[in-house]
Amino acid sequence: MVRHPDRGAGRHRRTPRYLAVVLGLAGLAVFLLFVQAAQDVVAPVFLGLNLLIVLYPLQRWLEHRVHRMVAATVSLVIVVGIILGFFLLAGWAVSQLVVELPAHNAEFVAVWRQAQAWLDGLGISSAVIQQGLNGVSAGSVMGLLTPVLSNVTAVTGAVATLILAVFFLTLDSMSLPARLGMVAGSRPHITTALRSFAVGVRRYWLVTTVFGLIVAVLDVVALAVIGVPLIWAWGVLAFLTNYIPNVGFVIGLVPPALLALLSGGWGSALAVVIAYSLLNFVIQSIIQPKFTGESVGITPAMSFLSLMFWYWILGWIGALVALPATLLLKALLIDADPRARWVNAFISSSPHPPDDASPAD
């Protein structure tokens, strides 16, 4: 029996499956640590990529009617307008609270005295509280303000990086169809996965925007019935914080609840908390996940874990792009590899066997 040395050598050169998986996971861990170290650049760039993906169908539609440079310019202007509008609206909503609070100084003192009386009833004397407050000095207050000021600087830098990234990504988008065609010739699975990622990203942002508007309008109605000042500012804040999965409504709840406490007492504040909680539970926890899950294709538990993970990796922008970032990893590591698609059984919102899967896999 004649042996074929080339065939035997090929068997020995083949990397075992488990070793390939271990090396792949190690490489992924190193890559994520690099992304975490460069989050000030990576996070704005990825957010800009998301916005361009959402508007890309409009750009392609315009390219059939005007010059492609004009179409790309229109997309760029719209994306920059969205970015500036988002941060300007957030700043306006927060500034309304800062301007309104001094007018409720007397109510704040009354609430403080009620809190002191309540703490006295629990056995915590005002002397203990006063002793703790004596340690507060101008230096300690500035120490608390320094992170806030640095965050303002970081946000400004992130916006500048985001706009620059959008500009260069828009230029590259004009040659995207040709580039995807080249990849499809040799790696059709990767092209299909990337197209699926783009569709999922568009659906995710569309669903989140629509439900954010619904929740914001209902919040404004509830706040108007309760009698909370600045209802439009809190409606804008509720809409913007809806883009943060799972915990966004809590961020949007604090300012109107605080103002309701100062203007209407504990009853108004409790009414705001109950109204926001009911609306969040019904719309954002029951109805929206059905649509969001179908758009992004992952389970609610995976959505929450994605929020925690990408906030750790990419900072505060990671909270905005948590689900799209998870979609990208899913597309490249799972959907693009037929042998890895079994993982969808644990993370997909509607798992089903792939068409090209075989029992041997």
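Quantities reported herein were computed from a predicted structural model and do not represent experimental measurements. (Residues numbered from 1 in each chain as written. Predicted model: local features only at pLDDT ≥ 70, side-chain atom pairs only at ≥ 80, totals over all residues. Heavy atoms only, no water.)

Caption draft 1: Main features of the nonpolar core. The biggest cluster of nonpolar side chains holds 43 residues, and the ones touching the most others in it are Val-79, Ile-83, Val-166, Phe-197, Trp-310, Leu-314 and Val-321. When near neighbours in sequence (up to four residues on either side) are disregarded, Phe-197 contacts Phe-46, Ile-53, Pro-324, Leu-327, Leu-328 and Ala-331. Counting 17 residues, the second-largest nonpolar core is a separate cluster that includes Leu-223, Trp-234, Leu-259 and Tyr-276. (Core = buried A, V, L, I, M, F, W, Y, C linked by side-chain atoms within 4.5 Å. Buried < 20%, exposed > 50% of the residue type's maximum accessible area, 1.4 Å probe, protein only. Contact = heavy atoms within 4.5 Å.)

Caption draft 2: Up close: the UniProt feature "transmembrane region" (unreviewed entry) in the protein chain. In this structure's numbering, the residues bearing the UniProt feature "transmembrane region" (unreviewed entry) are residues 18-35, 41-58, 70-94, 148-171, 204-237, 269-287 and 307-329. What you have in residues 307-329 is 91% helix and 0% strand, and the ends, taken at the C-alpha atoms, are 14 Å apart. (UniProt positions renumbered as here; feature names shortened; annotations may be inferred. Helix = DSSP H or I, 4+ residues; strand = E, 2+ residues; numbered from the N terminus.)

Caption draft 3: A look at a nonpolar patch on the surface. Nonpolar side chains collect at one region of the surface, where Leu-58, Trp-61, Val-66, Val-70, Val-74, Ile-78 and Ile-82 lie side by side and expose about 540 Å² of accessible area between them. Of all the secondary structure elements, the ones that give two or more residues to the nonpolar patch are α3 (39-63) and α4 (68-100). Considering each element in turn, the nonpolar patch owes the most residues, four residues, to α4. Along the chain, the position of Val-66 falls in the loop between α3 and α4. Residue classification places Val-66 among the partly exposed residues on the basis of a relative accessible area of 39%. (Patch = residues over 30% accessible without salt bridge, like charges linked within 9 Å, V, L, I, M, F, W, Y side chains within 5 Å. Areas by Shrake-Rupley, 256 points an atom, 1.4 Å probe, with all protein chains shown as cover. Salt bridge = Lys/Arg side-chain N within 4 Å of Asp/Glu carboxyl O.)

Caption draft 4: Molecular detail of helix α10 (residues 231-241). A large share of α10 lies buried, amounting to nine of its eleven residues. Among the residues of α10, those classed as buried are Ile-231, Ala-233, Trp-234, Gly-235, Leu-237, Ala-238, Phe-239, Leu-240 and Thr-241.

Caption draft 5: Region of the structure containing the pattern of salt bridges. Enumeration over the complete set of coordinates arrives at one salt bridge. A salt bridge links Glu-63 to Arg-60, with the shortest nitrogen-to-oxygen separation between them at 3.1 Å. Here Glu-63 and its partner Arg-60 are both found in helix α3, three residues apart, which amounts to about one turn of the helix. A relative accessible area of 31% places Arg-60 in the partly exposed class.

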